[in-house]
Amino acid sequence: MKKLRKLQQEIIDTLRVQPTIDPEQEIRRSVDFMKNYLKRIPGLRSLVLGISGGQDSTLAGALAEMAVRELREETGDHTYKFIAVRLPYGIQVDESDAMRAIEFMQADEVVRVDIKPAADAMVDALEANGIKISDFNKGNIKARQRMIAQYGIAGNNAGIVIGTDHAAESVTGFYTKFGDGGADIVPLWRLDKRQGKAMLRYLNAPVELYEKIPTADLEDNRPALPDEVALGVTYDDIDDYLEGRSVDDDVAEKIEGWYKRTAHKRALPYTVFDN
Ligand SMILES: NC(=O)c1ccc[n+]([C@@H]2O[C@H](COP(=O)([O-])OP(=O)(O)OC[C@H]3O[C@@H](n4cnc5c(N)ncnc54)[C@H](O)[C@@H]3O)[C@@H](O)[C@H]2O)c1
Ligand SMILES: Nc1ncnc2c1ncn2[C@@H]1O[C@H](COP(=O)(O)O)[C@@H](O)[C@H]1O
Ligand SMILES: O=P(O)(O)OP(=O)(O)O
Ligand SMILES: [Mg+2]
């Protein structure tokens, strides 16, 4: 068998990815993590998460709802809740998927905030100062607007914000820094894309939600652009790499290129003590 690349092993160790998982065990692990976190910090009462209609937020939302439901039953405290947040930029073409996801997870509360007015206002204000905002840059402003909305809701509900970052996104830094990357707890961290899929399958989630093509859907000019097109590498290859399988050298180099370029996203802001 081909020996693992040195950086591949380092990445696997850093992101704590397992080559295989037992979906039931990993569901329990994430749910217990969220329950314990809420129990340990006095005053916290809610979990807040944006639901896009994609795979990751469907999984994180279903696990969050399980966590608060179990907490309510175990403690008798009925103030624990999960708030699902719809954050369309105007009209979202796959709105029905998002609502199907919310129905599947049986969210306690649903809040809807259209991020378009705020995102557009920010772009206009910047452009009024002569700063030309590209469509790509605007995409990151949309993602940060979603973060702001979720923190506004958390602040009003003794809540914390859940992030959906997982190993297959973390390795390429495929998220907006302080946008969807801005969160308080990340219950899917350690899992790759197919492992998340296996967990949704175990939970009997609607197939169309976990077989859906992953997209950040941030750009006006390229709506629903598949992550795999933006990245130039498939999730199957990323998952193989993270599970310690051998992949073609050009694939490994692409993944490692993303990993190195996005190191700053996986770190706290740098200080004079950093190297
Ligand atoms: N497909 C889409 O629709 C779409 C649209 C926009 C963004 N995205 C994805 O979201 C992700 C976000 O894009 P991004 O990474 O360009 O933007 P980002 O905002 O997440 O990160 C870039 C910012 O990080 C900081 N930074 C950059 N290099 C740094 C360094 N070496 N040290 C410290 N800080 C540094 C700078 O502030 C820079 O503006 C990307 O993976 C992108 O592909 C997707
Ligand atoms: N349209 C959306 N509504 C609510 N929440 C959203 C929306 N788009 C993205 N999100 C949240 O951001 C993360 C990351 O999305 P990616 O597709 O991985 O870029 C997603 O899980 C939602 O929590
Ligand atoms: O984060 P989500 O829920 O939008 O899933 P995906 O990354 O698969 O689009
Ligand atoms: Mg998505």
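Residues numbered from 1 in each chain as written. Chains lettered and ligands numbered in written order. Predicted model: local features only at pLDDT ≥ 70, side-chain atom pairs only at ≥ 80, totals over all residues. Heavy atoms only, no water.

The protein is annotated in an unreviewed UniProt entry as NH(3)-dependent NAD(+) synthetase of Pediococcus stilesii. According to its UniProt record, the protein has this under Catalytic activity (unreviewed entry): "deamido-NAD(+) + NH4(+) + ATP = AMP + diphosphate + NAD(+) + H(+)". Word for word, the UniProt comment on the protein under Subunit (unreviewed entry) is "Homodimer." (UniProt positions renumbered as here; feature names shortened; annotations may be inferred.)

## Examining the sheet that holds strand β2 (residues 81-86)
Ordered by their spatial adjacency, four strands build an open sheet running β3-β2-β1-β4, and the pairing between neighbours is parallel. The two strands at the open ends of the sheet, each matched to only one other strand, are β3 (109-112) and β4 (159-161). Each strand axis lies, on average, 25 degrees off the axis of its neighbour in the sheet, ignoring direction. As paired strands, strand β1 (residues 46-50) and β4 are joined by three bridges and run parallel to one another. By the bridge assignment for β4, Val48 is matched with Val161. Most of the contacts of helix α4 (residues 95-105) go to β2, to which it runs at about 175 degrees, and overall it touches β2 and β3. (Pairing = 2+ DSSP bridges. Helix = DSSP H or I, 4+ residues; strand = E, 2+ residues; numbered from the N terminus. Axes fitted to C-alpha atoms, helices over the stretch in contact; angles between N-to-C directions. Contact = heavy atoms within 4.5 Å.)

## Thoughts on the UniProt feature "domain: NAD/GMP synthase" (unreviewed entry) in the protein
If you check UniProt for "domain: NAD/GMP synthase" (unreviewed entry), the listed places come out as residues 27-269 in our numbering. In residues 27-269, helix accounts for 51% and strand for 7%; the two terminal C-alpha atoms are 31 Å from one another.

## Describing helix α3 (residues 55-75)
The terminal C-alpha atoms of α3 lie 30 Å apart, and with 21 residues this matches the ideal 30 Å at 1.5 Å per residue to within 8%. The buried fraction of α3 is high, at 17 of 21 residues. Once α3 finishes, Gly76 follows within two positions and takes phi at roughly 75 degrees, a positive value. (Expected span 1.5 Å × (residues − 1). Buried < 20%, exposed > 50% of the residue type's maximum accessible area, 1.4 Å probe, protein only.)

## Some remarks on the UniProt feature "binding site: Mg(2+)" (unreviewed entry) in the protein
Taken from the UniProt record, the annotation "binding site: Mg(2+)" (unreviewed entry) applies to Asp56 and Glu169. Look at the named residues: they lie 114 residues apart in sequence, but the longest C-alpha span between them is just 10.4 Å, so in the fold they bunch up. From the set just named, the residues that line the largest cavity comprise Asp56. Positionally, Asp56 belongs in helix α3. Apart from residues no more than four positions distant in its own chain, Asp56 is found in contact with Thr164, His166, Glu169, Leu188 and Lys193. Setting aside residues up to four positions removed in sequence, Glu169 forms contacts with Asp56, Thr164, Phe174, Tyr175 and Tyr235. (1 Å grid on protein atoms, 1.4 Å probe; cavity = no way out; pocket = protein on both sides within 12 Å on 5 of 7 lines; lining within 4 Å.)

## Some words on the environment of Gln195
Examined against the element boundaries, Gln195 turns out to sit in helix α8 (residues 193-202). In this structure Gln195 comes out as buried when scored by relative accessible area, which is 4%. Of note is the side chain of Gln195, whose polar atom sits 2.8 Å from the backbone oxygen of Gln18. (Polar contact = N/O pair within 3.5 Å; in protein donor to acceptor, adjacent residues only side chain to side chain.)

## Notes on empty space enclosed by the protein
Applying the stated criterion across every chain, the model contains one cavity of 30 Å³ or more. Reported here for the largest cavity is a volume of approximately 40 Å³. Forming the walls of the largest cavity are Gln55, Asp56, Leu59, His166, Leu188, Leu191, Asp192, Lys193 and Gly196. Broken down by secondary-structure element, the contributors of at least two residues to the lining of the largest cavity are α3 and α8. Residue composition of the lining of the largest cavity, by class: three nonpolar, three polar and three charged. (Points joined across faces, edges and corners; volume = space filled by probe spheres on them. Nonpolar A, V, L, I, M, F, W, Y, C, P; charged D, E, K, R; others polar.)

## Some points on the packing of α3 against α4
Following both chains from N to C, one finds α3 and α4 inclined at 25 degrees, their axes separated by 9 Å at the closest point. Classed by the angle they form, the pair α3 and α4 counts as roughly parallel. Crossing handedness for the pair α3 and α4: right-handed. Taking contact as the criterion, the partners of Ser57, Thr58, Gly61, Ala62, Glu65 and Arg69 in α3 are, on α4, Ala101, Phe104 and Met105. In terms of residue class, the contact of α3 with α4 is made up of four nonpolar, three polar and two charged. (Parallel < 35°, antiparallel > 145°, perpendicular 65-115°, else oblique. Left-handed = near helix turned anticlockwise from the far one by under 90°.)

## What about the layout of surface pockets?
Roughly 400 Å³ of internal volume is contained in the second largest pocket. The residue inventory of the lining of the second largest pocket, partitioned by class, reads eight nonpolar, five polar and four charged.

## Considerations on the pairing of β3
Examined bridge by bridge, β2 and β3 share four bridges and lie parallel to one another. Its bridge partner being in β3, Ala84 is matched across the sheet by Val110. Crossover connection from β2 via α4 to parallel β3: handedness right-handed. (Right-handed = clockwise from strand over helix to strand, strands pointing away.)

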